[in-house]
Amino acid sequence: MGKKTKYDAELERLQILLVETQHWTIEQGRKTVIVFEGRDSAGKDGAIKRITEYASPRQTRIVALPKPTERERTQWYFQRYVPHLPADGESVLFNRSWYNRAGVEPVMGFCTPEQYAQFLGDAPLFERILTDDGVILIKLWLDISKAEQARRLAERIEDPLKRFKVSPLDAEAQARWEDYSKARDRMLDETDHNHAPWTVIATDDKKTARLNIIRHLLRAIGGPGAAADAPDPDVVFPASKSKGRLAP
């Protein structure tokens, strides 16, 4: 094995602290929900992989739901997500979440304007119920520049190991870039609240983003994680201070 890079050493240090922090959440019976949203290829999968690599397999779940069934389309919108919420001591990471209705669905015409507007009003109420019940709810928007997204999407197509990352919607990510930007801005404006704030992550540098995401999570969860270094404010910042800092 070669000498560890600075990134590898820091990642290992943070992962050890993640293990200690999760042990604390299990002992304390804390319920943790981490929502990963962002543009296609912004690095959600890679970040989740590093976060969960050494996590407790019994108390950790990654939720990445397929498109809703015909029956699910007739249910209360949040209903399909509720069964996946954590019990005491559990951590759940949503790789895309109920916020599909604030991004992909309105941009691609998969929901009506009325459903879209209702969601934006209902989401803060739904999340208030969760946090009032003691759920630690951490919402992350992973932002990426248009040029970097184009590079990563092209790389996916050429790499046979990334076959399952390729989606028919990939081409739409670039073609509808401005529409996605407008949907992102409206979502952040209308669903960023004190009980469930949004945090933005600049992800053009994947490795830097991963380390800073973990630092943010550790401090947000608390316990041993409170000892983590503060994330870089140029990489991790509240949505309330994101004006002019998001990819246009």
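The structure displayed is predicted, hence computed values, not measured ones. (Residues numbered from 1 in each chain as written. Predicted model: local features only at pLDDT ≥ 70, side-chain atom pairs only at ≥ 80, totals over all residues. Heavy atoms only, no water.)

Enquirer: An account of the pattern of salt bridges is needed here, citing residue identities and associated values.
Expert: Using the criterion set out here, one finds 25 salt bridges in the structure. The partner of Arg151 in a salt bridge is Glu148, with the nearest N and O atoms 2.8 Å apart. Taken together, the residues span about one helical turn, with Arg151 and Glu148 both in helix H6 (residues 146-158) at a distance of three residues. A relative accessible area of 43% means that Arg151 is categorised as partly exposed. When salt bridges with common partners are traced through the structure, they connect Glu148, Arg151, Arg152, Glu155 and Lys162 into a single cluster. (Salt bridge = Lys/Arg side-chain N within 4 Å of Asp/Glu carboxyl O. Helix = DSSP H or I, 4+ residues; strand = E, 2+ residues; numbered from the N terminus. Buried < 20%, exposed > 50% of the residue type's maximum accessible area, 1.4 Å probe, protein only.)

Enquirer: Go over the packing of aromatic side chains with me, naming the residues and quoting the values.
Expert: All chains considered together, the criterion is met by 14 aromatic pairs. Consider the rings of Trp76 and Phe78, whose centres lie 5.4 Å apart with planes at 55°: the pair is tilted. For Phe78, a relative accessible area of 2% corresponds to the buried category. Linked through ring pairs, Trp76, Tyr77, Phe78, Tyr81, Phe94, Trp98, Tyr99, Phe119, Phe126 and Trp198 together constitute an aromatic cluster. (Phe/Tyr/Trp six-rings, centres within 6.5 Å; stacked < 30°, edge-to-face > 60°.)

Enquirer: So what's going on with helix H1 (residues 6-28)? Which residues, and what values?
Expert: Along its 23 residues, H1 runs 33 Å from first to last C-alpha, staying within 8% of the 33 Å computed at 1.5 Å per residue. Buried residues of H1: Tyr7, Glu10, Leu11, Leu14, Gln15, Leu17, Leu18, Thr21, Gln22, Trp24 and Thr25, and no others. Where the residues of H1 are buried, they touch helix H2 (44-52), strand E2 (60-63), strand E3 (91-95) and helix H9 (206-221). Just downstream of H1 lies Gly29, where phi reads positive at about 70°. (Expected span 1.5 Å × (residues − 1). Contact = heavy atoms within 4.5 Å.)

Enquirer: Outline the sheet that holds E2, supporting the account with residue identities and numerical values.
Expert: The strand order across the open sheet formed by six strands is E2-E3-E1-E4-E5-E6, and the pairing between neighbours is mixed. At either end of the open sheet lies a strand with only one pairing partner, and these are E2 and strand E6 (236-238). Averaged over neighbouring strand pairs, the angle between their axes works out to 20° when direction is ignored. In terms of strand pairing, strand E1 (residues 31-38) meets strand E4 (residues 135-143) through eight bridges, oriented parallel. Bridging from a neighbouring strand, Gly38 pairs with Leu142 of E4. (Pairing = 2+ DSSP bridges. Axes fitted to C-alpha atoms, helices over the stretch in contact; angles between N-to-C directions.)

Enquirer: How would you sum up the environment of Val104? Please name residues and give values.
Expert: Checked against the element boundaries, Val104 lands in helix H4 (residues 104-108). Val104 gets classed as buried once you look at its relative accessible area, which sits at 19%. Through-space distance from the C-alpha of Val104 to that of Arg184 is 9.9 Å; in sequence the pair is 80 residues apart.

Enquirer: For the packing of H2 against H9, give the residues involved together with the corresponding values.
Expert: Between H2 and H9, whose axes approach to 10 Å, the crossing angle comes to 55°. The angle between H2 and H9 places the two elements in the oblique class. With respect to the hand of their crossing, H2 and H9 are arranged in right-handed fashion. Residue-level contacts link Gly46, Ala47, Arg50 and Ile51 of H2 to Arg210, Ile213, Ile214 and Leu217 of H9. (Parallel < 35°, antiparallel > 145°, perpendicular 65-115°, else oblique. Left-handed = near helix turned anticlockwise from the far one by under 90°.)

Enquirer: Explain the nonpolar core to me, using residue names and the numbers behind them.
Expert: The nonpolar side chains of soluble globular proteins are, as a tendency, buried together. Residues Val33, Phe94, Trp98, Tyr99, Phe119, Leu188 and Trp198 are the most contacted members of the largest nonpolar core, which totals 35 residues. At the level of secondary structure, the elements contributing two or more residues to this core comprise E1, E3, H4, helix H5 (113-132), E4, helix H8 (177-191) and strand E5 (198-202). The biggest single contributor to this core is H5, with six residues. Filtering out sequence-adjacent residues up to four positions away, Val33 remains in contact with Leu85, Pro86, Val92, Phe94, Trp98, Val135, Ile136, Leu137 and Ile138. Residues Phe36, Ile138, Ile144 and Val236 belong to the second largest nonpolar core, which totals 29 residues. (Core = buried A, V, L, I, M, F, W, Y, C linked by side-chain atoms within 4.5 Å.)

Enquirer: Give me unusual backbone geometry: which residues, what numbers.
Expert: In terms of backbone geometry, most residues other than glycine have negative phi values and most peptide bonds are trans. In this model, Ser41 sits at a positive phi of 70°, which is unusual for a non-glycine residue. Considering the arrangement of structural elements, one finds Ser41 in the loop between E1 and H2. Look at Arg96: it is not a glycine, yet its phi comes out positive at around 75°. Note that Arg96 resides in the loop between E3 and H4.

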